Structures are given as structure tokens and as C-alpha cells.
Amino acid sequence: MGEEALFTRLAPVLNVSDLAAERAFYEKLGLPVIYEGDEYPEFIAFGTETIHFGIQQASRENDPPSVLTWQIGVSDVDLAAERCRAAGLEFELEVNRPAPDWTYRRLLLRTPSGYRLALEGPTE
């Protein structure tokens, strides 16, 4: 069995300070809830065909900005910016040019628990 068959997806779980606020934030971005249940009352999973992650109530304080930059790829940065504006989410647009023939843009946001979230678009 090759490693590509063994590892099928990345499904991180973020410890958050305010479960309800984080849920509302990701729903405003348009990510659907795929699990919420009595079995794990302080855990919510989000997912699409290509993205799976969960949030859970943190058992103690953590320092999200120093732990992680949460990056999610988007197919259209302008559409993601429109969605953020419509949802009232503040963001900064960052343009990166790491090489003469490589330019991409990211929207930079903060989640309610303080995580840095980058919505990264395709190479332009």
C-alpha cells in the first residue's frame, strides 16, 4: 500500500475560545456544518468535497496567533472578498509576487478566537 492510499485527507481540529462565534464565522464564509451532535457537544465539523476540519471548545486559554496561520485555498479571491464584505467580515487583501512569473493574492482575516485565516487564491 503506497502512502497516497494510506493518507486520505487532512482534518485538523482547532481549539477555540468561543464555539458559537467561531461557528457563525465559518458559516458566514459559506462552509457547511457536516457534524454536530450529542456525542461530542463541544465539537462542530465543517466540510466540502475537498476541505474537512473541526472546531472544539478549548479546555484552557491558548495563543492562536502564535500557533497557526490557517490557510484555505479558494478558486476566486474576488468572490471570496465579496462574500466577506456581504457577511460583514473585515479582511486585508495581500498581493504576493515571489517570482517574476508568480503572483497570487490572499485575503487575511482574524477568526473570533484570534486565529489568522488566509484565503489564498490561485496563481494569477
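In what follows, the structure referred to is the one given above.
The model shown is predicted, which means the values in this text are computed figures rather than measured ones.

Colleague: For this particular structure, what's the right way to read the sheet that holds strand β4 (residues 52–57)?
Modeller: Paired through their backbone hydrogen bonds, the strands of a sheet run either parallel or antiparallel. If you walk across this open sheet you meet the four strands as β1-β4-β3-β2, and the pairing is mixed. Looking at the sheet topology across the chains shown, the edges are occupied by β1 (13–16) and β2 (33–37). Neighbour-to-neighbour, the strand axes of the sheet open up by a mean angle of 20°, direction not taken into account. Note: β1 against β4, four bridges, orientation parallel. Paired with Asn15 across the strands is Gln56, a residue of β4. In the packing of helix α2 (residues 19–29) onto the sheet, contacts are made with β1, β2, β3 (40–47) and β4, and the angle to β3 comes to roughly 15°.

Colleague: How should I be thinking about α2 in this particular structure?
Modeller: Structurally, the α-helix is built with 3.6 residues per turn, so residues lying three or four positions apart point the same way. Of the positions making up α2, those classed as buried are Leu19, Glu22, Phe25, Tyr26 and Leu29. Taken end-on, α2 shows its buried residues confined to a sector of 125°, consistent with a single buried face. Here α2 starts with a cap whose side-chain oxygen sits 3.3 Å from the backbone nitrogen of Ala20, and that cap is Asp18.

Colleague: Just checking my understanding: could you explain the packing of aromatic side chains for this structure?
Modeller: For any pair of aromatic rings, the description rests on two quantities: the centre-to-centre distance and the angle between the ring planes. The tally for this structure, following the rule as stated, stands at eight aromatic pairs. Each ring, one from Tyr35 and one from Tyr40, has its centre 6.5 Å from the other, and the planes form 65°; the classification is edge-to-face. Looking at Tyr35, the relative accessible area reads 25%, which means it is partly exposed. The class for Tyr40 is exposed, based on a relative accessible area of 54%. Taking 5.3 Å as the distance between ring centres and 20° as the angle between the ring planes, the aromatic pair formed by Phe46 and Phe53 counts as stacked. Phe53 matches Phe46 in its accessibility class, with the two residues each being buried. The rings of Phe25, Tyr26, Phe46, Phe53 and Trp70 are connected pair by pair, giving a single aromatic cluster.

Cut-offs used in this document
Residues numbered from 1 in each chain as written. Predicted model: local features only at pLDDT ≥ 70, side-chain atom pairs only at ≥ 80, totals over all residues. Heavy atoms only, no water. Pairing = 2+ DSSP bridges. Helix = DSSP H or I, 4+ residues; strand = E, 2+ residues; numbered from the N terminus. Axes fitted to C-alpha atoms, helices over the stretch in contact; angles between N-to-C directions. Contact = heavy atoms within 4.5 Å. Buried < 20%, exposed > 50% of the residue type's maximum accessible area, 1.4 Å probe, protein only. Arc of directions from axis to C-beta. Polar contact = N/O pair within 3.5 Å; in protein donor to acceptor, adjacent residues only side chain to side chain. Phe/Tyr/Trp six-rings, centres within 6.5 Å; stacked < 30°, edge-to-face > 60°.

Scope: geometric values only; no functional claims are made or implied.
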